[in-house]
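Structural characterization, general
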Amino acid sequence: MQANETWSGKAACVSFLLIVFSLGSMKPSINSVAGPLTPTDLLFPFCLILVLAANIVERRWHSGFLMLTLFLMALTAATFWSDDRGRSLVKLIGVVYLVLLAFTAFNCVASI
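Bear in mind that the values here come from a model prediction, so they are computed numbers and not experimental data. (Residues numbered from 1 in each chain as written. Predicted model: local features only at pLDDT ≥ 70, side-chain atom pairs only at ≥ 80, totals over all residues. Heavy atoms only, no water.)

**Some points on the packing of aromatic side chains**
Two measures describe an aromatic ring pair: the distance that separates the ring centres and the angle between the ring planes. Keep this limit in mind: Each aromatic pair joins two rings of Phe, Tyr and Trp (for Trp, the six-membered one) with centres within 6.5 Å, and gets the label stacked for planes under 30 degrees apart, edge-to-face for over 60, and tilted for any other angle. Here a helix means four or more residues in a row that DSSP labels H or I, a strand means two or more in a row labelled E, and each is numbered from the N terminus. Note on classification: 1.4 Å probe, protein chains only; a residue is buried when its accessible area is under 20% of the maximum for its type, exposed when over 50%, partly exposed between these limits.
According to the stated counting rule, one finds 1 aromatic pair in the structure shown. Judged by centre distance (4.9 Å) and plane angle (70°), the ring pair of Phe-44 and Tyr-97 falls under edge-to-face. With Phe-44 in helix H2 (residues 39–58) and Tyr-97 in helix H4 (residues 85–110), this residue pair connects regions lying 53 residues apart in the sequence. With relative accessibility at 27%, the residue Tyr-97 sits in the partly exposed group.

**Brief notes about the nonpolar core**
Operational definition: The set of buried Ala, Val, Leu, Ile, Met, Phe, Trp, Tyr and Cys residues whose side-chain atoms join them within 4.5 Å is what this entry labels a nonpolar core. Only heavy atoms matter for contacts: two residues are in contact if any of them lie within 4.5 Å across the pair.
Counting residues in hydrophobic clusters, the biggest one holds 12 residues: Ala-12, Cys-13, Phe-16, Ile-19, Phe-44, Cys-47, Leu-48, Val-51, Ala-54, Phe-65, Phe-103 and Cys-108. Broken down by element, the residue count for this core peaks at 5 residues, all from H2. Those residues in contact with Leu-48 that lie beyond four places of it in its chain are Leu-100, Phe-103 and Thr-104.

**Some words on the environment of Phe-21**
Counting through the fold element by element, Phe-21 comes out in helix H1 (residues 7–22). Taking the C-alpha atoms as reference points, Phe-21 and Pro-39, 18 residues apart in sequence, are found 9.9 Å from one another.

**Re the side chain of Thr-79**
Within the secondary structure layout, Thr-79 lies in helix H3 (residues 63–80). By relative accessible area, Thr-79 is classed as buried at 7%. Not counting the four nearest positions on each side in its chain, Thr-79 is found in contact with Arg-85, Ser-88, Leu-89 and Leu-92.

**Thoughts on the pattern of salt bridges**
Applied cut-off: Whenever Lys or Arg places a side-chain nitrogen within 4 Å of a carboxyl oxygen from Asp or Glu, that contact is recorded as a salt bridge.
Counted under the stated rule, the structure contains 1 salt bridge. Note that Arg-87 is salt-bridged to Asp-84, the shortest N-O span being 3.9 Å. You can call Asp-84 partly exposed: its relative accessible area is 38%.

**Quick look at H1**
Applied cut-off: Given a helix with a known number of residues, its expected span is that number minus one, times 1.5 Å.
The end-to-end C-alpha distance of H1, which contains 16 residues, comes to 22 Å, matching closely the 22 Å that a straight helix rising 1.5 Å per residue would cover. Those residues of H1 lying buried are Ser-8, Gly-9, Ala-12, Cys-13, Ser-15, Phe-16, Ile-19 and Ser-22.

Interpretation note: all reported values are geometric properties and have no functional meaning in isolation.
Here it is, written out as structure tokens:
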């Protein structure tokens, strides 16, 4: 069963398309405690939850997911042993965001 045939796969792909379309509207930022947030920043957590739910419901696993997990574990360990943990933590958050975005894109593109 392909991902786009189930409700969870369809919802994940639609939310990913919303993220792609929201990239064109970076100007209307929303002020928050952490700084200005764009619509993409607000949509991404919901999209990630839907993609993870689709993977769990459909029992999908790819060997690339293991590589991404090992990569994130290595970066997390490097952050905790860094001399400047503050800057390393900020960089780690950015890399985690990009890796999870790649994970989300892979799931939606591979299911088409």
